[in-house]
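Here is how the chains run, residue by residue.
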Amino acid sequence: MFADRAKIFIKSGKGGDGHVSFRRELYVPCGGPDGGDGGDGGDIIFEVDDGLNTLSDFRQVRKYAAQDGEQGGKKRCHGKNGGDLIVKVPEGTVIKEFESGKVIADMSGENRREVILKGGRGGQGNMHYATPTMQAPKYAQPGQSGQELWVQLELKVIADVGLVGFPNVGKSTLLSRVSNARPKIANYHFTTLNPHLGVVDIDGGKGFVMADIPGLIEGASEGIGLGHDFLRHIERTRVLVHVVDAASTEGRDPLEDIRAINKELEAYNPDLMKRPQIIAANKTDVIYAEDEDPVAKLKAEFEPKGIKVYPISAVSGQGVKELLYAVYDLLQTVDSTPVIFEKEFDPSMMIDETLPYTVERNEEGIYVVEGPRIEKMLGYTNLESEKGFLFFQRFLKGNGILEELEKAGIEEGDTVRMYGLEFDYYK
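Residues numbered from 1 in each chain as written. Predicted model: local features only at pLDDT ≥ 70, side-chain atom pairs only at ≥ 80, totals over all residues. Heavy atoms only, no water.

Here's the deal with the nonpolar core
The biggest cluster of nonpolar side chains holds 37 residues, and the ones touching the most others in it are Val-161, Leu-174, Phe-208, Met-210, Ile-234, Leu-324 and Val-327. Only strand S9 (161-164), helix H1 (171-178), strand S10 (196-202), strand S11 (206-212), strand S12 (239-245), helix H3 (254-268), strand S13 (277-282) and helix H5 (320-332) provide two or more residues apiece to this core. Ranked by residues supplied to this core, first place goes to H5 with 7 residues. For Leu-174, the residues in contact, after removing those within four places along its chain, are Leu-163, Val-243, Ile-312, Ala-314, Val-320 and Leu-323. If you look at the next biggest cluster of nonpolar residues, it comprises 23 residues, including Ala-6, Ile-44, Ile-116 and Phe-345. (Core = buried A, V, L, I, M, F, W, Y, C linked by side-chain atoms within 4.5 Å. Buried < 20%, exposed > 50% of the residue type's maximum accessible area, 1.4 Å probe, protein only. Helix = DSSP H or I, 4+ residues; strand = E, 2+ residues; numbered from the N terminus. Contact = heavy atoms within 4.5 Å.)

Pasting the structure below:
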């Protein structure tokens, strides 16, 4: 079975704890603190592997954890950093936060490698906490905990052209005729249970990638049949080719077929209706109707709307060449930039809002903000980067910390201290 979805648990490594120790050497009086820092926890990194084309590996292994950092040692020894864990996925994999369904990363195009979860920072040893008034600190900073997350992996086929249509209209036959793909072909519904890709070569070294998208019936957008399993593969295609049974060999009206499929596409994702479309009126070799020509009816209905209709026979090859050239010409008018899904969820900004914090003014007139929520935020935020600093500002405002400082009487120019960080307050 083609595996294009998987739910997995990922966890980055915990930072190693800082060490508490004191220098003890002969003839060295008053040895000070020399506890070393803990190592950083390992990251969870997703990387594209061109040798993969399904997510089947994730059906056997569902939990992925990076190594923890080692704790610091005496004599200022730094703990070893935890090893990163690299998770290999096929190109086209979209990583989503499981609960919300928001996109974390799209492993497509130039995005071949991305850090999804950062490991926790190692804690500082007691050598960092010596002051003139506290020359023998007996405490050290614990390592930051790793991040953990359930994610949904979805493989969305990358193709220029998507063949859509009801079952048994000849999509697989057409793909096998024009490309090197060899999908299973038989005269019953849902012969094709997997999306198939084929490279179409036409004269002059021109070509494009075509995908047969199975499982579309009425109600597909609501999860009926195999619709939800394969509708996602249409999202990356740049041109849609509706394959219809112009001969009505199963008693369906080809006009109604196209309307029904478009209705399902729009219900699933309204942006799909903005994609250019072409109609391939298939099975013209078995049209025996004595009344109005079904191809003429299709042209009268859709060509005024800008959707060209091409009569073809996928079995005999009649009209197929003209269809391919029309598809190629249409592709030249469409933006060639691959469809990449925008990031909607950033795991680095996950902070538990139930964790406490305190805002107090000390004897020196400095406003001290402390607590597990603050410590965790600082552990995962790189304030030297623009992105990290913007997150820091949003964190102060969104968590009500600025409001608490104002209630405590802070004024412009006053100093705020958050563990090892100090800054002046300005609105």
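We are not done yet, so read on.
A closer look at the environment of Leu-323
Structurally, Leu-323 is set in helix H5. As for Leu-323 and Ala-280, which are separated by 43 residues in sequence, their C-alpha atoms are 7.4 Å apart. With residues near it in sequence (within four places) discarded, Leu-323 still touches Leu-174, Ile-278, Ala-280, Tyr-310 and Ile-312.

Details of empty space enclosed by the protein
Inspection of every chain in the model, using the stated rule, returns 1 cavity of 30 Å³ or more. Roughly 40 Å³ of volume is contained in the largest cavity. As for the largest cavity, its lining consists of Val-164, Gly-165, Phe-166, Val-169, His-242, Val-243, Val-244, Asp-257, Ile-258 and Ile-261. Within the residue set of the lining of the largest cavity, elements represented by two or more residues are S12 and H3. When grouped by side-chain class, the residues that make up the lining of the largest cavity number 7 nonpolar, 2 polar and 1 charged. (1 Å grid on protein atoms, 1.4 Å probe; cavity = no way out; pocket = protein on both sides within 12 Å on 5 of 7 lines; lining within 4 Å. Points joined across faces, edges and corners; volume = space filled by probe spheres on them. Nonpolar A, V, L, I, M, F, W, Y, C, P; charged D, E, K, R; others polar.)

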